[in-house]
Amino acid sequence: MFRHDLSEFRGLLPRPDGTFRAERVEDAFTSAGWAPYLFASGGQPVGFAFVRGLDAPVRVLNSFFVVRGARRAGLGLRTAREVLARHPGRWEIAFQYENPGAVGFWRRVAAEAAGDAWTEESRPVPGRPDLPADVWISFGAGGSDA
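Residues numbered from 1 in each chain as written. Predicted model: local features only at pLDDT ≥ 70, side-chain atom pairs only at ≥ 80, totals over all residues. Heavy atoms only, no water.

Draft legend 1. Layout of the overall build of the protein chain. Helices and strands together make up the secondary structure of the protein chain, namely 4 helices and 6 strands. The linear arrangement of helices and strands in the protein chain, starting from the amino end, is α-α-β-β-β-α-β-α-β-β. Of all 146 residues assigned to the protein chain, the portion counted as buried reaches 42%. A separation threshold of at least 6 residues defines the contact pool for the protein chain, and within that pool the share at least 24 residues apart is 50%. Counting only carbon and sulfur atoms, one obtains 55% of the accessible surface of the protein chain, whose full area is about 8,300 Å². (Helix = DSSP H or I, 4+ residues; strand = E, 2+ residues; numbered from the N terminus. Buried < 20%, exposed > 50% of the residue type's maximum accessible area, 1.4 Å probe, protein only. Contact = heavy atoms within 4.5 Å. Areas by Shrake-Rupley, 256 points an atom, 1.4 Å probe, with all protein chains shown as cover.)

Draft legend 2. Representation of helix 3 (residues 75-86) in the model. Compared with an ideal rise of 1.5 Å per residue, which puts 12 residues at 16 Å, helix 3 spans 17 Å between its outermost C-alpha atoms and is within 8% of the ideal. Listed in full, the buried residues belonging to helix 3 are Leu 75, Gly 76, Leu 77, Thr 79, Ala 80, Val 83 and Leu 84. (Expected span 1.5 Å × (residues − 1).)

Draft legend 3. Examining the pattern of salt bridges more closely. Under the defined criterion, the tally for this structure stands at 7 salt bridges. Linking Glu 92 and Arg 123 is a salt bridge whose minimum nitrogen-to-oxygen distance equals 2.9 Å. Of the two residues, Glu 92 sits in strand 4 (residues 89-95) while Arg 123 sits in strand 5 (residues 118-123), which places them 31 residues apart along the sequence. For Arg 123, a relative accessible area of 21% gives the class partly exposed. Across the pair Arg 107 and Glu 120 runs a salt bridge whose closest N-O atoms are separated by 2.8 Å. Taken together, the positions of Arg 107 in helix 4 (residues 100-114) and Glu 120 in strand 5 put the pair 13 residues apart, joining distant regions of the chain. (Salt bridge = Lys/Arg side-chain N within 4 Å of Asp/Glu carboxyl O.)

Draft legend 4. Local environment of the side chain of Glu 92. Note on Glu 92: relative accessible area 19%, which makes it buried. Filtering out sequence-adjacent residues up to four positions away, Glu 92 remains in contact with Val 58, Arg 59, Val 60, Leu 61, Arg 123, Trp 136, Ile 137 and Ser 138.

Draft legend 5. Main features of helix 4. Between its first and last C-alpha atoms helix 4 spans 21 Å; for 15 residues at 1.5 Å apiece the expected length is 21 Å, and the two agree. Buried residues of helix 4: Ala 102, Val 103, Trp 106, Val 109, Ala 110 and Ala 114, and no others. Across the axial projection of helix 4, the buried residues extend over an arc of 140 degrees, all falling on one side. Buried positions along helix 4 lie against strand 3 (58-66), helix 3, strand 4, strand 5 and strand 6 (134-141). (Arc of directions from axis to C-beta.)

Draft legend 6. Molecular detail of the nonpolar core. Judged by nonpolar contacts, the single largest core of 33 residues is most densely connected at Phe 39, Leu 61, Phe 64, Val 83, Trp 91, Trp 106 and Phe 139. If you list the elements that add at least two residues to this core, you get strand 1 (35-41), strand 2 (44-52), strand 3, helix 3, strand 4, helix 4 and strand 6. Here the element with the most residues in this core is helix 4; it accounts for 6 residues. When sequence neighbours within four positions are dropped, the list of residues in contact with Trp 106 reads Leu 61, Phe 64, Ala 80, Ile 93, Phe 95 and Ile 137. (Core = buried A, V, L, I, M, F, W, Y, C linked by side-chain atoms within 4.5 Å.)

Interpretation note: all reported values are geometric properties and have no functional meaning in isolation.
Okay, structure coming up:
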């Protein structure tokens, strides 16, 4: 569902079997320096986050998703805060300007986590010159090394 949502903004198409690529799912559960999180509401799964870089100076929120039926109720903001709090330090989070909901959401998360001490920059998508640049927010969250 995460890749399906992104397809609206990036023109991603499923593979012939109807699935989207899922390498990051395996990485999140098996690779060093990664942490997967599953969000639930009322006992039902409603979203997830994959963090990478836990063994590096900067943590990256590699993937973050909340199903449409659970959006706009504060769940995303609460879970983003919780994930950041579990891993204090420097953070980078990418999103796309074409996704207005993500633009507002991640700017709000950065402002809540770091006040005015966050930056935003466009960076090319590695190996994909055909795609618009991603937007990266960088900030420190919690702890003395943030």
